[in-house]
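# Per-entry structural report
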Amino acid sequence: MVVVTKFGGSSVSCASQFAKVKDIVTSDPNRRIVVTSALGKRDKSDTKITDLLYILHAHLKYSVPYEDIWKMLYDRFVGVQNELGINYDIKQDLDALYKELNKNISQDYLVSRGEYLTAKLLSSYLDYKFVDAKNLLIFNFDGKMDEIQTERRVKQAFAEYGKIVVPGFYGSYPNETVHLLSRGGSDVTGSILAKCINASLYENWTDVSGILAADPRIVDKPKAIKEITYSELRELSYMGASVLHEETVFPVQQLNIPINLKNTNEPNHPGTLIKNICEDESSIITGIAGKKDFLSFNISKDHMSNEVGFLRKALSVFEKYNVSIEHVPSGIDSFSVVVAESNVEKVKYEVVTELKNVLDANVSVESNIALVAIVGRNMAKHSGVCAKIFQTLGGEGINIKLLAQGPEELNIIIGVDQNDYEKTIKAIYRDLIK
Ligand code: ASP
């Protein structure tokens, strides 16, 4: 059994967090591949090392004095090394990096040093072999991963060293320059490594005890989800629940490797298990998420239902303007096209004019729509879920503007006025999830 264990920035923010990481890693001999983010925030007002590195690069780019920022970075790394009392001479690596700063250093390379140096500290502290992600995760120049090369290299490094620490968030191009993933990308590094060695489990350690069933900024102390399928997670993440980097699931899903989200500060809490099939049927709704700022293009025309190709013509206008469509709820002689406001902002008036010309129909635009997704794999097995939602929202005096359900019955989407957004989430959580 091999477990890939990834720690987020808050799990390695200071020496005492490193100690927790060591306890976790050593308490299970299967935790043989460790992936780390860069030193994160020690408290709310603190700054992540990654953010400091981005700021440092901006200072270099615009030739602004950068000594103060460099000192902050330097002191944090050296501070952790001193407190941990480890042999790794981080000052030497920091001095070498300092010399490179004025040599047109690339942003990707500089920012990747956060993970690189943190992984070096951790490997020394755990006595695991440090393996540079640059030699493991190989990307083509178009940014797509070279899966064959990557898998070969990961397998080889693991076979050679047995227990390794790998920095997250980056890999390299064929010419060996650093390729940085998008923000939060260490989650993806862990997932790729888990896939390459067909791990039995991918653990993702953060500072929350699993995925919450609702946004804690809206619902007071929402419960953590025990088990969730990859597909449910995709629905919730798509609708705004910030959990893992959205590309995390794909590599491990292919091999059905479960992901366990755990809390470094509460290691005995089971957290959330993400897998292909979940047996737990104790709750009908798994979670609720939502997003604001949608627009609805409402289109109506007498006897529209008799005109073949009407919908295609309308949708091709959105295609022409490269506007991605979220939902198309329909009546008999009317339908609406719901899109994210940010996607259509610049071409809104052109789209309306063209819809009117092409369709010879009435077109109006309604803004300030919020979408709320009620997600649950067990909904398909139960009747009356919609009835409950209607009853709850009716009781609160909330008007449902649109309603959609996918064919796999995993998700019910409701559209409400933006002003009712928080109230909707609170009420559904209270009556259907709690
Ligand atoms: N340190 C990087 C970030 O803050 C990557 C990561 O933590 O996953 O985005």
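Right, let's walk through the structure included here. (Residues numbered from 1 in each chain as written. Predicted model: local features only at pLDDT ≥ 70, side-chain atom pairs only at ≥ 80, totals over all residues. Heavy atoms only, no water.)

## Examining the overall build of the protein
Per the secondary structure count, the protein includes 14 helices and 16 strands. Overall, the C-alpha framework of the protein stretches about 80 × 50 × 40 Å when taken along its three principal axes. The burial tally for the protein puts 51% of its 434 residues in the buried class. Taking contacts inside the protein between residues at least 6 apart in sequence as the whole, the part at least 24 apart equals 74%. Per element, the accessible surface of the protein, about 20,600 Å² overall, is 48% carbon and sulfur. Distance between charge centroids for the protein: 3 Å, based on 50 positive and 56 negative side chains. (Helix = DSSP H or I, 4+ residues; strand = E, 2+ residues; numbered from the N terminus. Buried < 20%, exposed > 50% of the residue type's maximum accessible area, 1.4 Å probe, protein only. Contact = heavy atoms within 4.5 Å. Areas by Shrake-Rupley, 256 points an atom, 1.4 Å probe, with all protein chains shown as cover. Lys, Arg positive; Asp, Glu negative; His and termini not counted. Charge placed at Lys NZ, Arg CZ, Asp CG, Glu CD.)

## Digging into the site of the ligand
Every residue lining the ligand is accounted for by S37, K48, T50, E115, F169, R183, G184, G185 and S186. Interatomic distance of 2.8 Å between a backbone N/O atom of G184 and an oxygen atom of the ligand. Between G185 and the ligand, the recorded distance is 3.4 Å, taken from a backbone N or O atom to an oxygen atom. Protein chains bury 93% of the 260 Å² of accessible surface belonging to the ligand in isolation. Here the residues of the shell around the ligand sort into one nonpolar, five polar and three charged. (Near = heavy atom within 4 Å. Polar contact = N/O pair within 3.5 Å; in protein donor to acceptor, adjacent residues only side chain to side chain. Nonpolar A, V, L, I, M, F, W, Y, C, P; charged D, E, K, R; others polar.)

## Let's talk about the pattern of salt bridges
All told, the structure shown has 20 salt bridges when counted by the stated rule. As a salt-bridge pair, K71 and D75 come within 2.7 Å of each other at their nearest N and O atoms. With K71 and D75 both in helix α3 (residues 67-84) and four residues apart, the pair spans about one turn of that helix. Of the residues examined, D75 reaches a relative accessible area of 38% and is grouped as partly exposed. (Salt bridge = Lys/Arg side-chain N within 4 Å of Asp/Glu carboxyl O.)

## A short note on the environment of I325
On the secondary structure map, I325 appears in strand β12 (residues 325-327). Taking the C-alpha atoms as reference points, I325 and V337, twelve residues apart in sequence, are found 6.9 Å from one another. Beyond its immediate stretch of four places on either side in the chain, I325 contacts L315, F318, V337, V338 and V339.

## Some words on the packing of aromatic side chains
Here a ring pair, both rings aromatic, is described through the centre-centre distance and the interplanar angle of the planes. Throughout the structure, instances matching the rule amount to eight aromatic pairs. On the numbers, 6.4 Å between centres and 50 degrees between planes, the contact of W70 with Y74 is tilted. Separated by four residues within a single helix, W70 and Y74 lie in helix α3, roughly one turn from each other. Considered together, W70 and Y74 belong to a single accessibility category, that of buried residues. Measuring from ring centre to ring centre gives 5.2 Å for F297 and F318, while their planes differ by 80 degrees; the resulting arrangement is edge-to-face. (Phe/Tyr/Trp six-rings, centres within 6.5 Å; stacked < 30°, edge-to-face > 60°.)

## Structural notes on the side chain of T189
Looking at where T189 falls in the secondary structure, it is placed in helix α7 (residues 186-196). When its relative accessible area of 0% is taken as the criterion, T189 is described as buried.

## Considerations on the packing of helix α6 (residues 147-161) against α7
Between α6 and α7, whose axes approach to 9 Å, the crossing angle comes to 75 degrees. Taken as axis vectors, α6 and α7 run roughly perpendicular relative to one another. Taking contact as the criterion, the partners of E147, T150, E151, V154 and K155 in α6 are, on α7, I192, L193, K195 and C196. Looking at the contact of α6 with α7 residue by residue, the classes come out as four nonpolar, one polar and four charged. (Axes fitted to C-alpha atoms, helices over the stretch in contact; angles between N-to-C directions. Parallel < 35°, antiparallel > 145°, perpendicular 65-115°, else oblique.)

Scope: geometric values only; no functional claims are made or implied.
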